Amino acid sequence: MTEFDLNAYTPFASNWFIVALRRDRMSASIVGQAARNALLILRLVLGRLVGPVVGLVLAMTTVNAWPNSGPPVLIGLDAEFSWPGSTSAQAIEKGILIAVDEINRRGGVLGGRPLQLIKKDNGTVPARSIRNLRNLAETPELVAAFCGRFSPTVIEAMETVHTLKLILLDPWAAADIITDNTYSPSYAFRLSLRDSYAMPSLLRYGRNQGIRTFGMMALNTTWGRSNLRAAENYLTKYPDTKLAGTRWFNWQDESLLDKYLDLKRLGAQAILLVANDREASILLKEMAALPKSERVPVLSHWGVSGGQMNETAGTALQEVNFVMVQTYSFIGDRRPRARQVVAAANRLFGIPNARAIESPVGLAHAYDLTHLLARAIDRAGTSDRATVRQALEELPEYDGLIKRYRRPFSKGRHDALTEADVIITRYAPDGAIVPVTGARQ
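Presented here is a report on the structure given in the accompanying data block.

About the thresholds
Residues numbered from 1 in each chain as written. Predicted model: local features only at pLDDT ≥ 70, side-chain atom pairs only at ≥ 80, totals over all residues. Heavy atoms only, no water. Helix = DSSP H or I, 4+ residues; strand = E, 2+ residues; numbered from the N terminus. Buried < 20%, exposed > 50% of the residue type's maximum accessible area, 1.4 Å probe, protein only. Areas by Shrake-Rupley, 256 points an atom, 1.4 Å probe, with all protein chains shown as cover. Salt bridge = Lys/Arg side-chain N within 4 Å of Asp/Glu carboxyl O. Phe/Tyr/Trp six-rings, centres within 6.5 Å; stacked < 30°, edge-to-face > 60°. Lys NZ or Arg CZ within 6 Å of the ring centre and 35° of its normal.

1. Regarding the overall build of the chain
Step number 1: Per the secondary structure count, the chain includes 16 helices and 14 strands.
Step number 2: Within the chain, the proportion of its 441 residues that are buried is 59%.
Step number 3: Taken as a whole, the chain presents about 17,900 Å² of accessible surface, with 51% of it coming from carbon and sulfur.

In structure tokens:
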């Protein structure tokens, strides 16, 4: 946890700190944390904390709210916070914290214990992620850890996760192998898209537009290769539709135009894109500079929505026919739960409305997944990871933000979403990710 300079606080804050210490009945170690919580909350009220500390305060609990309930039950988050332009890790954090706020306001878990978040930055570096997960696994009362957006980072950590018997909750990374792993029992649970959902949905959408020849441009990673397999598997069902070719690129490539033009020369009527926002922005800007007759539709996986795509691509987003897969949109969802989450995002993080939520699927997935975890903890009656892991497989129906989960997980199925949950979206001029009318696949 971050340490703070207590001398920087006002005399009033110090007096409040003493009162909090006297009134709390928890152990000395918990009192120390509770006192820091009290000071953080006061400083927030005084307007001296901003941004990241808001999330820290929300993840903690004030002294008097939990007088004899026991220590917090901890949740970890290991994600790509320092990746340039990242909005995915931040959205996942917000989704967890909104759910934690709701759960704690209702009394927490296990008869009154608050949930508390510990976050770590892996910068997409697998070795750093593995170190973070080891540190989290060694933390007393930590029951599970969320991962972030980048499938290659998560895949590299799978052996460590299962050696440590640490529950891994996946709210974004889409590579099939994360849940289609060979570990028994599996400790990986996903509430997110799978590549084997994404590619069929994009190809089906393209076929409905009359497209029969596609070209694929993909990052040269396990994520890119996972999507090529998914596309090829789908196309075996449709002899009239084909891939003209596949062109690979790397994270640091500065131009993708030659690869695009090569696929177009091979007859591609549309491009299947597996990229993050940086590479996608490069491609769209280069395409926008071409005559309109040389621009074909781009059907994209959702990695682009984990960063600042609207800012980096600029007007090219509106000059190229660009769509992408998502699994949920706050925009147009008028159900009470959706309005409740948007209102909480405004109250806790200053997000003005649904259109301003960045990386909305990360927030929505993490929100539902946190609620499912809390229910599993209560069902297990303990924070023991093996027992909670089994309880996740046995959860009954749950009416969540994204949908009503008939049974989120089972022993043989650790994916809470299905291909029927995929929608096709595009970027509006204001940067909002909006559903394409009638495009649920």
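2. Focus on the pattern of salt bridges
Step number 1: For the structure on display, the rule yields 25 salt bridges.
Step number 2: Its salt-bridge partner being Asp101, residue Arg105 comes within 3.0 Å of it at the nearest N-O pair. Note that Arg105 and Asp101 are positioned in helix H4 (residues 88-105) at a spacing of four residues, about one turn of the helix.
Step number 3: Residue Arg105 is classed as exposed on the basis of its relative accessible area, which comes to 61%.
Step number 4: Take Asp101: its relative accessible area is 10%, and that puts it in the buried class.
Step number 5: Measuring nitrogen to oxygen at the nearest pair gives 3.2 Å for the salt bridge that ties Glu397 to Arg404.
Step number 6: Residue classification places Glu397 among the partly exposed residues on the basis of a relative accessible area of 41%.
Step number 7: A cluster of three or more residues bridged by salt bridges with shared partners is formed by Asp170, Asp176, Asp180, Arg190, Arg194 and Asp415.

3. Here's the deal with the packing of aromatic side chains
Step number 1: On inspection of all chains with the given rule, the structure shows eight aromatic pairs.
Step number 2: With 5.1 Å between their ring centres and 75° between their planes, Phe189 and Phe409 make a pair best called edge-to-face. Taken together, the residues Phe189 in strand E5 (residues 188-190) and Phe409 in the loop between strand E12 (404-405) and strand E13 (423-427) connect sequence positions 220 residues apart. The two residues Phe189 and Phe409 agree in class, both being buried.
Step number 3: These aromatic residues form a ring-pair network of at least three members: Trp83, Phe150 and Trp251.
Step number 4: Here the guanidinium or amino end of Lys119 rests over the ring plane of Phe81, the centre of that ring lying 4.6 Å away.
Step number 5: We note Arg389 situated over the ring of Tyr187; from NZ or CZ to the ring centre the distance is 5.6 Å.

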